[in-house]
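Listed here are the chains, written in short residue letters.
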Amino acid sequence: MSFRYTKPLARLIDEFSKMPGIGPKTAQKLAFYILKNSSERVASLAKAILEAKEKVKHCSICGNITDQEVCEICQNINRDKSIICVVEKVRDLIAIENTGEYKGLYHVLEGAISPLDGIEPENLKIDSLLKRLKTEKIKEIILATNPNIEGEVTASYLNRLIEPLNIKVTRIAYGVPIGGSLEFADEVTLTQALMGRQKIK
Amino acid sequence: MYLKTLRLNNYRNFLKLSINFTPNLNIFIGDNAQGKTNLLEALYLIIRGNSYRTKNDQELINWSNKSTCLYGEINKDEENFQINLSLEKKLESFNKFKLIKTIKINQNIQRKSILNKEFKGVVFSPEHLQIIKGAPSIRRKFLNEQISQIYPLYYRHLTDYYRILGQRNNILKKEINQRGLRERLLIWDPQLIEKGSFLILTRIRFLKKINYLADKFHQKITKGKENLKIIYQSNILKDQQENISFISRAFEDKIKEHKEKEIKYKISLFGPHRDDFLVCINEFNIASYGSQGQQRTSVLSLKLAELELIKEREGVYPIFLLDDVMSELDEERRHFLLELIMDKKVQTFITSISLDYFNSNIKEKSKISKIEGGKIFAL
Ligand SMILES: Nc1ncnc2c1ncn2[C@@H]1O[C@H](COP(=O)(O)OP(=O)(O)OP(=O)(O)O)[C@@H](O)[C@H]1O
Ligand SMILES: [Mg+2]
Ligand SMILES: [Zn+2]
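Okay, so let's go over this structure. All figures in this text were calculated on a predicted structure; none of them were measured in a lab. (Residues numbered from 1 in each chain as written. Chains lettered and ligands numbered in written order. Predicted model: local features only at pLDDT ≥ 70, side-chain atom pairs only at ≥ 80, totals over all residues. Heavy atoms only, no water.)

1. Section: the overall build of chain A
Applied cut-off: A run of H or I in DSSP counts as a helix once it spans at least four residues, and a run of E counts as a strand once it spans at least two, with each numbered from the N terminus. Buried residues are those whose accessible area, probed at 1.4 Å on protein chains only, stays under 20% of the maximum for their type, while exposed residues exceed 50% and partly exposed ones sit between those limits.
Each helix and strand in chain A was counted, giving eight helices and seven strands. Looking at the 201 residues of chain A, the share that counts as buried comes to 41%.

2. Considering the interface of chain B and chain A
Under the convention used in this document: Any two residues whose heavy atoms approach within 4.5 Å are treated as being in contact. Summed over both partners, the accessible area (1.4 Å probe) lost when two parts come together is defined as the buried area. Salt bridge, as applied in this entry: a Lys or Arg side-chain nitrogen positioned within 4 Å of an Asp or Glu carboxyl oxygen. Definition of a polar contact: a pair of N or O atoms within 3.5 Å, with one able to donate and the other able to accept a hydrogen when the atoms are protein atoms, and with sequence-neighbouring residues admitted only if both atoms are side-chain atoms.
Counting residues at the interface gives 16 residues for chain B, matched by 16 residues for chain A. Both sides of the chain B and chain A interface together cover about 1400 Å² of buried area, and 59% of this is carbon and sulfur. Between chain B and chain A we count five salt bridges in total. In this structure, Glu122 of chain A engages Arg184 of chain B in a salt bridge whose closest nitrogen and oxygen atoms are separated by 2.5 Å. Inspection of the region where chain B meets chain A yields seven residue pairs in polar contact (both at pLDDT 80 or more). Those elements that place two or more of their residues in the side of chain B that touches chain A are α5 (152-172) and α6 (178-221) of chain B.

3. Quick look at the coordination of the zinc ion (ligand 3)
All names here are of chain A. We apply this condition: Here the coordinating atoms are restricted to nitrogen, oxygen and sulfur within 2.8 Å of the metal centre, or 3.2 Å for Na, K and Ca, and because water is not among them the sites may look incomplete. Every angle between 85 and 135 degrees makes a four-donor site tetrahedral, while opposite donors more than 155 degrees apart, with all other angles between 65 and 115, make a four-donor site square planar and a six-donor site octahedral; other sites are irregular.
At the metal site, the zinc ion (ligand 3) is ligated by Cys59 (SG), Cys62 (SG), Cys71 (SG) and Cys74 (SG), and these contacts range over 2.3 to 2.4 Å. Coordination at the zinc ion (ligand 3) is tetrahedral, judged from the four donor atoms that bind it and the angles of 106 to 113 degrees they form at the metal. In the primary structure, the donors to the zinc ion (ligand 3) are separated according to the pattern C-x2-C-x8-C-x2-C.

4. Some remarks on the site of ligand 1
Residue and element names in this part refer to chain B. As a reminder of what qualifies: Throughout, near means a residue has at least one heavy atom within 4 Å of the molecule or strand. For this classification, Asp, Glu, Lys and Arg are treated as charged, while Ala, Val, Leu, Ile, Met, Phe, Trp, Tyr, Cys and Pro are nonpolar and the rest, including Gly, are polar.
The environment of ligand 1 is made up of 16 residues, and the closest members are Ala33, Lys36, Thr37, Asn38 and Glu59. Arg12 is positioned with one of its backbone polar atoms (N or O) 3.2 Å from a nitrogen atom of ligand 1. Between ligand 1 and Trp63 there is a distance of 3.1 Å, counted from a nitrogen atom to a backbone nitrogen or oxygen. The residue inventory of the shell around ligand 1, partitioned by class, reads four nonpolar, seven polar and five charged.

5. Points about helix α7 (residues 149-162) of chain A
Rules: By this rule, a helix spans an expected 1.5 Å times one less than how many residues it contains.
If you check α7 of chain A, its first and last C-alpha atoms are 20 Å apart, about what 14 residues at 1.5 Å a residue would give, namely 20 Å. Summarising burial for α7 of chain A: ten of the 14 residues are buried, a large majority. Restricting attention to buried positions, one finds in α7 of chain A the residues Ile149, Glu150, Gly151, Val153, Thr154, Ala155, Tyr157, Leu158, Asn159 and Ile162 of chain A. Where α7 of chain A is buried, its residues meet β3 (83-87), α6 (127-135), β5 (140-143) and β6 (168-171) of chain A together with α5 and α6 of chain B.

6. Observations concerning the side chain of His218 of chain B
Within the secondary structure, His218 of chain B sits in helix α6. Discounting residues that sit within four places of it in the chain, His218 of chain B has contacts with Glu226, Leu228, Ile281, Gln294, Thr297, Ser298 and Ser301 of chain B.

7. A word on the pairing of strand β3 (residues 25-29) of chain B
Regular strands show a simple pattern: their side chains alternate between the two faces of the sheet. All names here are of chain B. Filter applied, for reference: Pairing between strands is defined by DSSP: at least two bridges between the two strands are required.
Across the five residues of β3, five count as buried, placing the element largely inside the fold. Along β3, one buried face is formed by Leu25, Ile27 and Ile29 and the opposite face, lined by Asn26 and Phe28, is buried too. Judged from the five bridges that link them, β3 and strand β13 (residues 348-352) form a sheet pairing that is parallel. By the bridge assignment for β13, Phe28 is matched with Thr351. One ladder, built from four bridges, connects β3 with strand β14 (residues 367-372); its direction is parallel. By the bridge assignment for β14, Asn26 is matched with Lys367.

8. Digging into the pairing of β3 of chain A
Residues and elements named next belong to chain A. The cut-off we apply is this: Throughout, right-handed denotes a crossover for which the path from the first strand over the helix to the second runs clockwise when the strands point away from the viewer.
Burial analysis of β3 places five of its five residues in the buried class, the great majority of the element. In β3, alternate side chains face the same way, and those of Ile83, Cys85 and Val87 on one face and Ile84 and Val86 on the other are all buried. With helix α5 (residues 90-99) bridging β3 and the parallel strand β4 (residues 105-108), this β-α-β connection has right-handed handedness.

9. Focus on empty space enclosed by the protein
Residue and element names in this part refer to chain B. Defined as follows: Only protein atoms enter the 1 Å grid used here. Points where a 1.4 Å probe fits but cannot escape make up a cavity, open sets with protein on both sides within 12 Å along at least five of seven lines make up a pocket, and a residue lines them when an atom lies within 4 Å of a point. Grid points are joined across faces, edges and corners, and a volume is the space filled by probe spheres set on the points.
Tallied over the full model, the rule gives one cavity of 30 Å³ or more. Of the voids in this model, the largest cavity is the one considered here, and its volume is about 50 Å³. If you go around the largest cavity, the residues you meet are Gln146, Gln149, Ile150, Phe206, Glu306, Leu309, Ile310 and Arg313. Where the lining of the largest cavity is concerned, the elements lending two or more residues are α4 (136-150) and α10 (292-314).

Next up, the structure:
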């Protein structure tokens, strides 16, 4: 029989090991790190976690993270409001923002179509995107879903939906490492990708 | 490209070995279970960094030892490379071992992929008869491996295709109404067709090319008595089409026509994942009608074609390893096969139970060794 930790500690380790990228060993390490810290430090960490969860919301328009109803990008009057860049995750939005090259708006789908992961079109923020296209004055859509098969399928699915609306649809298409995800593309390739976008046939 | 030297330490049944080779034909004679196949496997390990026999590297370490070292010297384009490969069992916790593999090229630690890019080898082993006799999945694997080597784009489309299949089969297994099912499938079908048609076309083109080469060799070995024909069998196309838009259209029609069936069986029934190829001699299918010798000769012809494809791409011949190839071939076929290899100036390693299979002319030009209980003697 293997050694058992006392219950509160075992629970903490268990909680950590549920986090992405954290295995049982790292979970143990983190738990012992917490125990070693002063009560004040731990309290401040716990408070930061709670506050982040309570105060950080999704923008009601584009899905970006924000502490207000509408995010800074959607509020910013200097941004080009005729163009929307559609991404899978907030992480991708941040990656594109970091290039400093893109001045339009965003729309976060919250994933890509992937039945194997239980994600069908109705689980994505597609309805709200179509609603935006009908109410805002959008001239161009950039489909910046990931260059893997799920991203491709999602892009061509969206393209079929948007086609009848007479809006120019382009697909981010250049220099992004094949099969990768946008998050790992560096800023130079992303900038190239945005400039080299192509009209979908 | 050729191997000059091999040294082994605590490798399989070889505790210590040091041997030099000729750039031409190297023959190893030995009774059963003396180490002939082990030796060919060691040569392959030097040039490729992994075994062609096992996925479990631990098997390579001699039973009574904790580590093994292999060393080889390769000459390629007048340049010398020293290759070291070591495997070491390291104690992780009191009862767990971890196997550490280190590959060095000219004393610098390198990844296996660097080795793979630089050096190539083609193996014939009796198990490869399965390419003819085995299940269709073995032939698909053969095709996929061969084409991926020369055409990286193929590999990418292949992995995409299998990912789409997974998604599509997942949809087919869902308990929802027909209409919803059809709608969801339609999201994936265009990509399935695009990638799938590319795979089919590339396979047909590849087989055509390898057929041309293999047939030439087959005719030489059989003195013109037999011709070899490879036919791709697609469950979408009636005959071997080479027009991509024709293939895609046929693919699209097929899944449209049989959607009912796919929904009933809850699985994707059409596409390159179900395809196969036939090997025919003088118009009959040798998987069903071929003799053992004919099947063996056909696999050899395929391997010789593979040798040519690598030469075409890399500019130099790879190393050719032939395990137990002589048995089941009659004297005439043996003779023509050896002549062919000698003509090509491909460094070749052949194992055999008996030296009687080789005529005096061949023997004169080769380096012959005898393997006995993990030791090698010059003959
Ligand atoms: N890790 C190992 N340590 C020690 N001996 C091993 C190891 N792996 C295999 N052997 C032994 O090596 C012997 C020779 O095997 P090998 O397959 O090379 O024979 P062979 O000469 O090719 O015989 P055949 O003519 O039957 O094909 C086998 O009897 C096997 O028991
Ligand atoms: Mg053997
Ligand atoms: Zn917003």
